[in-house]
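Residues per chain are reported as follows:
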Amino acid sequence: MGSHPIEIAPSILAANFAYLSNELRAVEQGGAAVIHVDVMDGHFVPNISIGVPVVASLRKATNLPLDVHLMIERPEQYVEAFAKAGADRILVHQEATVHLDRLLASIRECGAEAGAVINPATPVAMLAEVLERVDTVLVMSVNPGFGGQKFIPNALEKIRQLKQMRARYNYSFRIEVDGGVAAENVGELVLAGAETLVAGTSIFHTPDPAAAVRQMKQLAFDAVAQKV
């Protein structure tokens, strides 16, 4: 079990919101596998981003899966609305709920894939009891809230731990990483075990987002090829 195809997941938080459909088309052409959507409420993280209506309009603008990352307090109250708006995967923070198991179950009941997220200060062990029942584990490699931050190297060790646990217990979750992902660390992340690479500024804040996705994808596949 385990091991999923490598996915580049552009984070639209870094896109130009006035031209969102053009930005989506560009990363689709570059070979993006999924669109990462950062939902922030200004409470759980120190920033406010987008909500349910934007997810609904994204759903109309792309056929790619929407990977919706809830960085919000009381995520229990909003899961159903995001699923109805078209989220294919809903990722919730271990730190944002005291009933993570129940929350993950309710995401699946809404027909979406369920993911658990850990912040930089949260050890992988905090997810031990739910790893059997998650579709994705997202390791935050920056402190969530703002784009364009520097990668926190400790995330690599967490990704390795997750990969080892997955192999040991025959789990099948995908390993995702978000924060400071760029051309220079893609290879290292893939070798550690990351399969879904979320990248915002390193894609959308370049002259050619499609080329940035293509390059990142190539670097990821090269790393996989070396590993074998």
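To be clear, the structure that these remarks concern was listed above.
Structural notes, computed from the coordinates. (Residues numbered from 1 in each chain as written. Predicted model: local features only at pLDDT ≥ 70, side-chain atom pairs only at ≥ 80, totals over all residues. Heavy atoms only, no water.)

A look at the packing of aromatic side chains
All told, the structure shown has two aromatic pairs when counted by the stated rule. Taking the centre distance of 6.2 Å and the plane angle of 45 degrees together, the rings of Tyr171 and Phe173 count as tilted. Across this residue pair, the class does not change: Tyr171 and Phe173 are buried. Three or more aromatic residues joined by ring pairs make a cluster, and in this case those are Tyr169, Tyr171 and Phe173. (Phe/Tyr/Trp six-rings, centres within 6.5 Å; stacked < 30°, edge-to-face > 60°. Buried < 20%, exposed > 50% of the residue type's maximum accessible area, 1.4 Å probe, protein only.)

Details of the environment of Leu103
Assignment of secondary structure puts Leu103 in helix α4 (residues 100-109). Remark: the alpha-carbon pair of Leu103 and Ala114, spanning 11 residues in sequence, is separated by 8.7 Å. When residues no more than four places from it in sequence are discounted, the contact partners of Leu103 are Pro75, Glu76, Val79, Val92 and Thr97. (Helix = DSSP H or I, 4+ residues; strand = E, 2+ residues; numbered from the N terminus. Contact = heavy atoms within 4.5 Å.)

A look at the pairing of strand β1 (residues 7-10)
Burial along β1 is two-sided: the residues Glu7 and Ala9 and Ile8 and Pro10 are all buried. In the sheet, β1 pairs with strand β8 (residues 196-199) via four bridges, with the strands oriented parallel. Of the residues in β8, the one forming a bridge with Ile8 is Leu197. (Pairing = 2+ DSSP bridges.)

Here we look at helix α5 (residues 154-169)
For α5, which comprises 16 residues, the first-to-last C-alpha distance of 23 Å matches the rise-based estimate of 22 Å (1.5 Å per residue) to within 8%. Every buried residue belonging to α5 is among Ala155, Leu156, Lys158, Ile159, Leu162, Met165 and Arg166, and all of these are buried. On its buried face, α5 sits against β5 (113-118), β6 (136-140), β7 (174-178) and α6 (183-192). (Expected span 1.5 Å × (residues − 1).)

Topic: unusual backbone geometry
Non-glycine residue Arg74 carries a positive phi angle of around 50 degrees. Relative to the elements of secondary structure, Arg74 occurs in the loop between β3 (66-71) and α3 (79-85). At Asn170, a position not held by glycine, the phi torsion is positive, near 60 degrees. Checked against the element boundaries, Asn170 lands in the loop between α5 and β7.

Everything listed here is a matter of geometry and, on its own, says nothing about what the molecule does.
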